[in-house]
2 protein chains.
Amino acid sequence: MSAGPYIGVDMGGTKIACGLVDETGRILARHTVPTERIDTPEELRDVLAHATREWRGAGHAPRGIGVGVPGWVDAEAGLVRSLVNVPWDADVALGPMLTDATDLPVILDNDANVMTLAEARLGAGRGRRHVVGITLGTGVGGGLLLDGALYHGARFNGGEIGHVSINARGPRCPCGANGCIEVYIARNGLVRDAKRRLRRAAGTRAAREIERLAGEEGDRVTPKVMARAADAGNPLACAFWETMGERFGAFLVSMTNLLNPECFIVGGGIAKARKHFFPAARRRLQAEAMNDQGPRTPVLAAKLGTKAGLVGAALLAAERFG
Amino acid sequence: MSAGPYIGVDMGGTKIACGLVDETGRILARHTVPTERIDTPEELRDVLAHATREWRGAGHAPRGIGVGVPGWVDAEAGLVRSLVNVPWDADVALGPMLTDATDLPVILDNDANVMTLAEARLGAGRGRRHVVGITLGTGVGGGLLLDGALYHGARFNGGEIGHVSINARGPRCPCGANGCIEVYIARNGLVRDAKRRLRRAAGTRAAREIERLAGEEGDRVTPKVMARAADAGNPLACAFWETMGERFGAFLVSMTNLLNPECFIVGGGIAKARKHFFPAARRRLQAEAMNDQGPRTPVLAAKLGTKAGLVGAALLAAERFG
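None of these values were measured; they are calculated from a predicted model.

A. Main features of the overall build of chain A. In terms of helices and strands, chain A carries ten helices and twelve strands. Taking 2.2 N^0.38 as the reference for a compact globule, 322 residues should give roughly 20 Å; the C-alpha atoms of chain A span a radius of gyration of 21 Å, in line with that estimate. When the backbone C-alpha atoms are referred to their principal axes, chain A occupies close to 65 × 50 × 35 Å. Out of the 322 residues belonging to chain A, those deemed buried represent 59%. A separation threshold of at least 6 residues defines the contact pool for chain A, and within that pool the share at least 24 residues apart is 63%. Of the roughly 12,800 Å² of accessible surface on chain A, 47% is carried by carbon and sulfur atoms. Of the side-chain charges in chain A, 40 are positive and 34 negative, and the distance between the mean point of each set is 8 Å.

Here it is, written out as structure tokens:
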């Protein structure tokens, strides 16, 4: 990142964070607002204008703004095309709006791209030029750093790795395709699979143990419950994560054959259970990728945690405007 | 392509062609040798040295050599790592060897990459910056032109699109993975599927008609036989191509979600039957790709035919050394 701080904006489903970030990725100052209080882009504009004034008043000279958007953007036009988990209208000219309010250049990108950029530059992928970033959570998001730069494709739709299919005749995904990796290994798919396994094993000691743990979580069978059960060696939970890892591994094989990245970086809430599914995923990747690339393609845990969104957004601006 | 002719070398399974190609992609001169007569890289070196002397004697001044290799190369080192259909040893330093013999700089690449480059620059994809090239034949090969340049990945293994899986629990592919698209839509997979359909429909008029056509081809049920049957409206053959198109379409959906190319360019022997499977493939792509990208991503037939290999190899050299 070149000299001078940049402003990063991380638009999450529960909160929107604006931060002043220096060239090393350190967050100098931060404003956080619950997403539910930002009903319109104008409200975000006002929050950011206020923060920028305050930071300038404190002697900082921010040089540009990067925004990580949970949805589809047109970065060139500064347009938010559609959003997930944020109830704005479609086709908002967010870039020009923020520039008007702050006199700073603005660059937008998808939030998973932004997190990939942060991890590639300052996190688990430091120094790498070919990185596939994957976030496992309510969805499967991702970003592609190819030949040293974020890859967007023809119309900024590239990198939708959650919607690469691992089974062309598999269950329908809300996106319209069948058997997308997201259907299997994002939160909803995992919960569905866990419940199916519990029904099949009803009455066994392993099932009862998981039901007891679910009881502690408000009777919800969550990935966290399944991780706790696997921590205790519960065979039903271990088999559940093994299957998850094998499916994830199959996906990593295809991505390796297609893109031959230097590494995968895996973050998001589900990745907290990585010790339960990374081994099966790595085993499949190592056994099945072509030309012996599997053993040379590490599957790494993301390092920056929740600050990746903010830091990556600022990095985006630094690389564009620095 | 910049001024001055370049030499292209197209190493095929049946013949190896060396050609002098001008900046417009016109082939000025060509030497062709059966592959079976080129048992060692030294023999290719001698053929190329001879051709280069001859072309220089005729007043041409070639500026570099590009080689399309049916296998895995290390382009930076000029190394052929492994080959398909050419019985050389592994890890041949072909680049330095050809430079020694001709005093010209040499660049190697995978043959499917080279064909993609030719089609993107001078064929069906002229002017596009994001192209997925696909060759359907005995295997499924491919090349990725991303942000205007061939993409290779970390160790020149990128673009192995035939080994993207469409079914993680599908039949084993010789590469080691399961359900690779190549298993389903390359020649062997198609023949297997055609035979299975014939067995199931044994004795029907449609099956008898296909058996009659196969008789004319030495009793072999080939994609060509199935295409001829479909030409005549044979329902068994039409269903066969419909399934092939749907599988191909599922693959195109994943590739669109991941890479968002401006177009797909499809060549190779199987693509001759495109009128029978492009419609189903396009229908699926248009219906299922995210953010309405399907209708905006044309599936095009390759234009350059068999000369794509030679022209693309010369282009490779022109873009590297021009």
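Picking up where we left off.
B. Layout of the sheet that holds strand S12 (residues 299-301) of chain A. All names here are of chain A. Across the sheet, which stays open at both edges, the five strands sit in the order S10-S9-S8-S11-S12 with mixed pairing between neighbours. Each end of this open sheet is capped by a strand with a single partner; those strands are strand S10 (149-150) and S12. Direction of pairing for strand S9 (residues 140-146) relative to S10: antiparallel, over a ladder of two bridges. Looking at S10, one finds that Leu145 is bridged to Leu150. Its contacts with the sheet put helix H8 (residues 235-259) on strand S8 (131-136), S9, strand S11 (263-267) and S12, and the angle it makes with S8 is roughly 155°.

C. Quick look at the packing of helix H6 (residues 205-215) of chain A against H8(A). Residues and elements named next belong to chain A. For the pair H6 and H8, interaxial distance at closest approach is 8 Å and the crossing angle is 85°. The orientation of H6 relative to H8 falls into the category roughly perpendicular. Here Ala206, Ala207 and Ile210 of H6 lie close against H8, whose contacting residues are Pro235, Leu236 and Ala237.

D. Broad picture of the state of the cysteines. All names here are of chain B. One pass over the full model with this rule turns up zero disulfides over all chains. Sulfur of Cys173: no disulfide; nearest cysteine sulfur belongs to Cys175 and is 3.7 Å away. Judged by relative accessible area, which is 3%, Cys173 ranks as buried.

E. Representation of the relation of the copies chain B and chain A. Mapping chain B onto chain A calls for a screw motion: a turn of 180° about the axis and a shift of 0.0 Å along it, with 0.0 Å RMSD after fitting. In the structure described here, the two chain copies are related by an operation that fits a two-fold rotation axis. Residue Asn167(B) of chain B places its C-alpha closer to the rotation axis than any other residue of that unit, at 2.1 Å. A share of 100% of interface residues in chain B that are also interface residues in chain A marks the association as one of identical surfaces.

F. Looking closely at the sheet that holds strand S3 (residues 27-34) of chain B. All names here are of chain B. Taken in spatial order, the five strands of this open sheet run S3-S2-S1-S4-S7, and their pairing is mixed. Each having just a single partner strand, S3 and strand S7 (106-110) make up the two edges of the open sheet. Between one strand and the next, the sheet's axes are offset by a mean angle of 15°, whatever the strand orientation.

G. Up close: unusual backbone geometry. Residues and elements named next belong to chain B. Non-glycine residue Asp147 carries a positive phi angle of around 50°. For Asp147, the position within the fold is in the loop between strand S9 (140-146) and strand S10 (149-150). Overall, Asp147 belongs to the partly exposed group, its relative accessible area being 40%. Positive phi is not limited to glycine here, since Asn291 has a value of about 50°.

H. Up close: the nonpolar core. Judged by nonpolar contacts, the single largest core of 118 residues is most densely connected at Trp241(A), Phe248(A), Trp241(B) and Phe248(B). Not counting residues within four places of it along the chain, the set of residues in contact with Trp241(B) comprises Leu190(B), Pro223(B), Met226(B), Ala227(B), Ala230(B), Ile270(B), Ala273(B), His276(B) and Phe277(B).

I. Geometry of the interface of chain B and chain A. Listed per partner, the contact involves 45 residues of chain B and 45 residues of chain A. When chain B packs against chain A, close to 3,800 Å² is buried across both sides, 49% of that on carbon and sulfur atoms. If you sort the residues of chain B by the area they bury against chain A, Tyr151(B), Arg155(B) and Leu258(B) come out on top, with a joint share of 18%. Across the contact surface, chain B and chain A share two salt bridges. The shortest N-O distance in the salt bridge between Glu288(A) and Arg172(B) comes to 3.7 Å. The interface formed by chain B and chain A includes 29 residue pairs in polar contact (both at pLDDT 80 or more). Mapped by element, the contributors of at least two residues to the side of chain B that touches chain A are S9, helix H8 (235-259) and helix H9 (274-288) of chain B. Residue composition of the side of chain B that touches chain A, grouped by class: 19 nonpolar, 18 polar and eight charged.

J. Highlighting the side chain of Thr116(B). Residues and elements named next belong to chain B. Looking at the element boundaries, Thr116 is found in helix H3 (residues 111-122). Within the structure, Thr116 has its side chain in polar contact with the backbone nitrogen of Gly143 (distance 3.4 Å). Once you skip the residues sitting within four places of it in the chain, Thr116 turns out to touch Val131, Gly133, Gly142, Gly143, Leu144 and Leu145.

K. Broad picture of the packing of aromatic side chains. This model, assessed by the stated rule, comprises ten aromatic pairs over all chains. For the pair Phe277(A) and Phe278(A), a centre-to-centre distance of 5.4 Å together with 80° between the ring planes defines the contact as edge-to-face. Both residues of the pair, Phe277(A) and Phe278(A), count as buried. Ring geometry for Trp241(B) against Phe277(B): centres 5.8 Å apart, planes inclined by 20°, an arrangement best described as stacked. Placement of Trp241(B) in helix H8 and of Phe277(B) in helix H9 is noted, with a sequence separation of 36 residues between them. With relative accessibility at 0%, the residue Phe277(B) sits in the buried group. Positioned above the aromatic ring of Trp72(A) is the side chain of Arg81(A), whose terminal nitrogen or guanidinium carbon lies 4.5 Å from the ring centre.

Procedures and definitions
Residues numbered from 1 in each chain as written. Chains lettered and ligands numbered in written order. Predicted model: local features only at pLDDT ≥ 70, side-chain atom pairs only at ≥ 80, totals over all residues. Heavy atoms only, no water. Helix = DSSP H or I, 4+ residues; strand = E, 2+ residues; numbered from the N terminus. Rg over C-alpha atoms; globule rule 2.2 N^0.38 Å. Buried < 20%, exposed > 50% of the residue type's maximum accessible area, 1.4 Å probe, protein only. Contact = heavy atoms within 4.5 Å. Areas by Shrake-Rupley, 256 points an atom, 1.4 Å probe, with all protein chains shown as cover. Lys, Arg positive; Asp, Glu negative; His and termini not counted. Charge placed at Lys NZ, Arg CZ, Asp CG, Glu CD. Pairing = 2+ DSSP bridges. Axes fitted to C-alpha atoms, helices over the stretch in contact; angles between N-to-C directions. Parallel < 35°, antiparallel > 145°, perpendicular 65-115°, else oblique. Disulfide = S-S within 2.5 Å. Least-squares fit on C-alpha atoms with pLDDT ≥ 70 in both. Core = buried A, V, L, I, M, F, W, Y, C linked by side-chain atoms within 4.5 Å. Buried area = accessible area lost by both parts, 1.4 Å probe. Salt bridge = Lys/Arg side-chain N within 4 Å of Asp/Glu carboxyl O. Polar contact = N/O pair within 3.5 Å; in protein donor to acceptor, adjacent residues only side chain to side chain. Nonpolar A, V, L, I, M, F, W, Y, C, P; charged D, E, K, R; others polar. Phe/Tyr/Trp six-rings, centres within 6.5 Å; stacked < 30°, edge-to-face > 60°. Lys NZ or Arg CZ within 6 Å of the ring centre and 35° of its normal.

The quantities given are spatial measurements derived from coordinates; they are silent on function.
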